[in-house]
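# Coordinate inspection notes
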2 protein chains.
Amino acid sequence: MLDVAVEEARAGLAEGGIPIGAALFASDGTLLGRGHNRRVQDGDPSMHAETAAFRAAGRQRDYRKTVMVTTLSPCWYCSGLVRQFGIGAVLVGEARTFCGGHDWLAEHGVDVTVLEDERCVGLMTDFIAARPELWFEDIGEVP
Amino acid sequence: MLDVAVEEARAGLAEGGIPIGAALFASDGTLLGRGHNRRVQDGDPSMHAETAAFRAAGRQRDYRKTVMVTTLSPCWYCSGLVRQFGIGAVLVGEARTFCGGHDWLAEHGVDVTVLEDERCVGLMTDFIAARPELWFEDIGEVP
């Protein structure tokens, strides 16, 4: 499932955007929605990868058995999304370059797995080195 | 400032949507963005009132002196937005019909004010009575 999120992250990078991708799956592995960060592409700060995937999945009545897969530890915004909608599981590509709210989600009963996938680490390490100002903007950090 | 959010909530209701409105202001009172819940109108579960107002404000570099005004206590998704982007203050129309993460935000240094405005209470009381299934869908509660 992480492969889909990595494809999304790479697509975002190819578009000149922030290389974070995500996908929402049903419990049987059916892909419900996929997306990537669209801050640069759409000038839209509300479209983080996880919110883009959630949006692409459309209106769902029950998220308890869904899995949110993301290339990077979800920030507080995206962690709040997971908690509010009761998404049952989160698969995190890596939490080395940024650590958001995945521990908080685990404390609140979400099944969280962190993979430390080298593809994901590499995408963000290179991006942060190349475009630090854009990265800090995306997580609301003021120099 | 709450009047703008109430106008947004009423506009959403008139469109057949969920009557929650929000607006993001700069510290000098300049309106940066305004919006309302768009689940019904756009089939978009990611557009809560606060995220819609945040989106409408476009890319901003520093949210520390901004004020998020919302007719209803922000859910975890929208509370996460406020925390991640360092929005400095939240003005809540009411927290009687739904209590989200505003206490958590206050614990993390956000200047939170709850007004218990009767217009806001009335909008949600009537809406929840009329369309409970739609309201529960919007906050991810499964009957």
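Everything in this summary refers to the structure shown in the same document. Treat the numbers as computed from the prediction; the structure is a model and nothing was measured.

Parameters and conventions
Residues numbered from 1 in each chain as written. Chains lettered and ligands numbered in written order. Predicted model: local features only at pLDDT ≥ 70, side-chain atom pairs only at ≥ 80, totals over all residues. Heavy atoms only, no water. Salt bridge = Lys/Arg side-chain N within 4 Å of Asp/Glu carboxyl O. Helix = DSSP H or I, 4+ residues; strand = E, 2+ residues; numbered from the N terminus. Buried < 20%, exposed > 50% of the residue type's maximum accessible area, 1.4 Å probe, protein only. Contact = heavy atoms within 4.5 Å. Pairing = 2+ DSSP bridges. Axes fitted to C-alpha atoms, helices over the stretch in contact; angles between N-to-C directions. Least-squares fit on C-alpha atoms with pLDDT ≥ 70 in both. Buried area = accessible area lost by both parts, 1.4 Å probe. Polar contact = N/O pair within 3.5 Å; in protein donor to acceptor, adjacent residues only side chain to side chain. Nonpolar A, V, L, I, M, F, W, Y, C, P; charged D, E, K, R; others polar.

### Concerning the pattern of salt bridges
- Under the criterion given, the structure shown has 28 salt bridges over all chains.
- Here A:Asp3 ties to A:Arg119 by a salt bridge, and the two come within 3.0 Å at their closest N and O atoms. Linking A:Asp3 in helix H1 (residues 2–14) with A:Arg119 in helix H6 (residues 118–130), this pair joins segments that are 116 residues apart in sequence.
- Accessibility expressed as a relative area gives 47% for A:Asp3, which makes it partly exposed.
- Exposure remark for A:Arg119: the relative accessible area of 32% places this residue in the partly exposed category.
- The partner of A:Asp42 in a salt bridge is A:Arg38, with the nearest N and O atoms 2.6 Å apart.
- A relative accessible area of 44% means that A:Asp42 is categorised as partly exposed.
- Here A:Arg38 falls in the partly exposed class, since its relative accessible area comes to 24%.
- A single salt-bridge network, built from bridges that share partners, covers A:Arg39, A:Glu137, A:Asp138 and B:Arg59.

### What to know about the environment of B:Ala56
- Structurally, B:Ala56 is set in helix H3 (residues 49–56).
- Residue B:Ala56 is classed as partly exposed on the basis of its relative accessible area of 48%.

### Focus: the side chain of A:Gln84
- Tracing the backbone through its elements, the reader meets A:Gln84 in helix H4 (residues 76–85).
- By relative accessible area, A:Gln84 is classed as buried at 9%.
- In contact with A:Gln84, not counting residues within four places along its chain, are B:Cys75, B:Trp76, B:Tyr77, B:Phe98, B:Ile139 and B:Gly140.

### A short note on the sheet that holds strand E1 (residues 21–25) of chain B
Residues and elements named next belong to chain B.
- Pairing is mixed across the open sheet formed by five strands, whose spatial order is E2-E1-E3-E4-E5. Only two strands of the sheet have a single neighbouring strand rather than two, namely strand E2 (31–36) and strand E5 (111–114). Averaged over all neighbouring strand pairs, the angle between strand axes comes to 10°, with direction disregarded.
- Summarising the sheet, E1 and E2 pair through five bridges and their orientation is antiparallel.

### Quick notes on the relation of the copies chain A and chain B
- Overlaying chain A on chain B yields an RMSD of 0.0 Å, the required transformation being a rotation through 180° with an accompanying axial translation of 0.0 Å. The symmetry that links the two subunits is that of a two-fold axis. Identified as the residue of chain A closest to the rotation axis by C-alpha distance is A:Gly80, at 2.4 Å.
- With an isologous cut-off of 70% or more, the 100% of interface residues of chain A that recur at the interface of chain B puts this contact in the isologous class.

### Points about the environment of A:Val4
Residue and element names in this part refer to chain A.
- Inspection of the secondary structure puts Val4 in helix H1.
- With relative accessibility at 17%, the residue Val4 sits in the buried group.
- Between the C-alpha atoms of Val4 and Gly35, which are 31 residues apart in sequence, the distance is 9.3 Å.

### A word on the interface of chain A and chain B
- Taken together, the 38 residues of chain A in the interface contact 38 residues of chain B.
- The largest share of the area that chain A buries against chain B comes from A:Arg59, A:Arg61 and A:Gln84, three residues that together contribute 24% of it.
- Across the chain A-chain B interface, the total number found is four salt bridges.
- For A:Arg59, the salt bridge identified is with B:Glu137, shortest N-O distance 2.7 Å.
- At the junction of chain A and chain B, the tally comes to 13 residue pairs in polar contact (both at pLDDT 80 or more).
- Here the element with the most residues in the side of chain A that touches chain B is H4(A); it accounts for seven residues.
- Across the side of chain A that touches chain B, the residue classes break down as 17 nonpolar, nine polar and 12 charged.

### Here we look at the sheet that holds strand E5 (residues 111–114) of chain A
All names here are of chain A.
- Pairing within the open sheet is mixed, and its five strands lie in the order E2-E1-E3-E4-E5. Two strands bound the open sheet, and with one partner strand each, they are strand E2 (31–36) and E5. Recorded for the sheet is a direction-independent mean angle of 10° between the axes of neighbouring strands.
- Inspection of the sheet shows strand E1 (residues 21–25) paired to strand E3 (residues 67–70) by four bridges, in the antiparallel sense. Residue pairing in the sheet places Phe25 in a bridge with Val67 of E3.

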